[in-house]
Amino acid sequence: MNRIYPWFEDLYHKIHLYKENEKLGHAYLILGHEGLGTSHFCLFLAQSLLCQSENKSSTWDETCQCQSCGIFKSGNPDFLLVEPREEGKQITIEQIRKVSHFFSLKSHYEGQKICVVNSAESMNTNASNALLKILEEPPKNALIILLGQSVGLIAPTVRSRCQIIKAPEPSEDEIMALWSQNEKNSFPLEPRDISYYGNSFIGRDQLKPSIKELDSLIEDLHALAMEERCPISSAKKYSNWKSSEFFNSLELLGRHLILMSYGHGLRRLQLSTLAKENFSILSQALPSDSAFKLIASINLQRNLFRRSPGVRFLDAIETIFVQWVTKTRRSS
Ligand SMILES: [Zn+2]
């Protein structure tokens, strides 16, 4: 039985409460960084809001077999999902015209009609303007949920028409609970949903770093943490790497550092003996939150690098390394 990640439970109940009290708005913008499971949450939420059964929202789940839920996965006429056709592509005006058409049709089940726009910052200007028209005069029973990572990347006219909600983030306990489920192979959701905290195995499919690459990164993480090396000169040797390989490999190491500090082994990572030693020294010597901070810093720099043409790859590496040195500095 699939439900949402525990950190979304409160928000889920809050929105259902709005609906019960007829206080649900027409448009929400949910902001959160990649990998929190926000898009999964929105699909779950949309299906539950459209559900026709008398079930209480607190016990509702995706296996409901009412008419509306029964066809949700294959296409419910009262639900529309809009997202870039390919990763990195824009959401076009044609896609938003479909939203307009969608809302012009009567609700199939005489309830709400819900449209979720994933990666709302991918809308180009024309698409934003077209969406704005819908937001200015939302049809009765319309609910539009935009998902984005950063408020600054959404057109101000669009976001001013939405109620903004910050996506909740997991506590450390919740992450650990998820991890131990994952260890038992009973991870309840798609592994790729949670690329930020929860899933230490994101690399399984798309990331195959070589032993040499990981060894080199570990050597630097170790030397930097021990203050034996300068972050700026260490950064240089990665500047000719593919940026995604650098960010992803480093993130993979960060996640394993967290796992190790909680006593998990390294069996999924192939490393040289020396790198294994350095890695276990690191996991024992570091303050427990430094690996979390490393991952946060990687995600921030990766987003900046991808979205701001002025940020050079080398700048991003330097910042991550400098922050790593600062965060791991032991008070002596
Ligand atoms: Zn249902």
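This text goes with the structure placed above it.
Residues numbered from 1 in each chain as written. Predicted model: local features only at pLDDT ≥ 70, side-chain atom pairs only at ≥ 80, totals over all residues.

Take unusual backbone geometry next. We note that Glu22 has phi near 55°; this positive angle belongs to a residue other than glycine. Here Glu22 is to be found in the loop between helix H1 (9-20) and strand S1 (27-31). Phi is positive for Asn141, close to 70°, though the residue is something other than glycine. Within the fold, Asn141 resides in the loop between helix H6 (125-136) and strand S4 (142-148). (Helix = DSSP H or I, 4+ residues; strand = E, 2+ residues; numbered from the N terminus.)

Time to look at the sheet that holds strand S2 (residues 79-82). Ordered in space as S2-S3-S4-S1-S5, the five strands form an open sheet in which the pairing is parallel. Each edge of the open sheet is held by one strand with a lone partner, namely S2 and strand S5 (163-166). For this sheet, the mean inter-axis angle between neighbouring strands, taken without regard to orientation, is 15°. Inspection of the sheet shows S1 paired to S5 by four bridges, in the parallel sense. Bridge pairing links Leu29 to Ile164 in S5. (Pairing = 2+ DSSP bridges. Axes fitted to C-alpha atoms, helices over the stretch in contact; angles between N-to-C directions.)

Our focus in this paragraph is the packing of helix H5 (residues 93-104) against H6. Orientation of H5 relative to H6, taken along the N-to-C sense of each, is 15°, at an axis distance of 8 Å. By the angle between their axes, H5 is roughly parallel relative to H6. Of the two possible hands of crossing, H5 and H6 adopt the one that is left-handed. Residues Ile93, Gln95, Ile96, Arg97, Val99, Ser100 and Phe103 of H5 form the contact with H6, whose own contacting residues are Asn126, Ala127, Ala130, Leu131 and Ile134. Of the residues belonging to the contact of H5 with H6, the class tally is eight nonpolar, three polar and one charged. (Parallel < 35°, antiparallel > 145°, perpendicular 65-115°, else oblique. Left-handed = near helix turned anticlockwise from the far one by under 90°. Contact = placed C-beta atoms within 7 Å. Nonpolar A, V, L, I, M, F, W, Y, C, P; charged D, E, K, R; others polar.)

Let's shift gears to the pairing of S1. Consecutive residues of a regular strand have side chains that alternate between opposite faces of the sheet. Most of S1 is tucked away, with five of its five residues classed as buried. Side chains Ala27, Leu29 and Leu31 project from S1 onto one buried face, and the interleaved Tyr28 and Ile30 project onto a second face that is buried too. Here S1 runs beside S4; their pairing, made up of five bridges, is parallel. Opposite Leu31, over in S4, you have Gly148 as the bridge partner. (Buried ≥ 20, exposed ≤ 12 C-beta atoms within 10 Å, placed from the backbone.)

Let us look at the packing of helix H12 (residues 243-261) against helix H14 (residues 290-307). Contact pair H12 / H14: the axes reach a minimum separation of 8 Å and the direction vectors enclose 165°. When the interaxial angle is binned, H12 and H14 end up roughly antiparallel. With respect to the hand of their crossing, H12 and H14 are arranged in left-handed fashion. Seen from H12, the contacting residues are Ser243, Phe247, Leu250, Glu251, Gly254, Arg255, Leu257, Ile258 and Ser261; seen from H14, they are Ala291, Phe292, Leu294, Ile295, Ile298, Arg302 and Phe305. Tallied by class, the residues present in the contact of H12 with H14 amount to 10 nonpolar, three polar and three charged.

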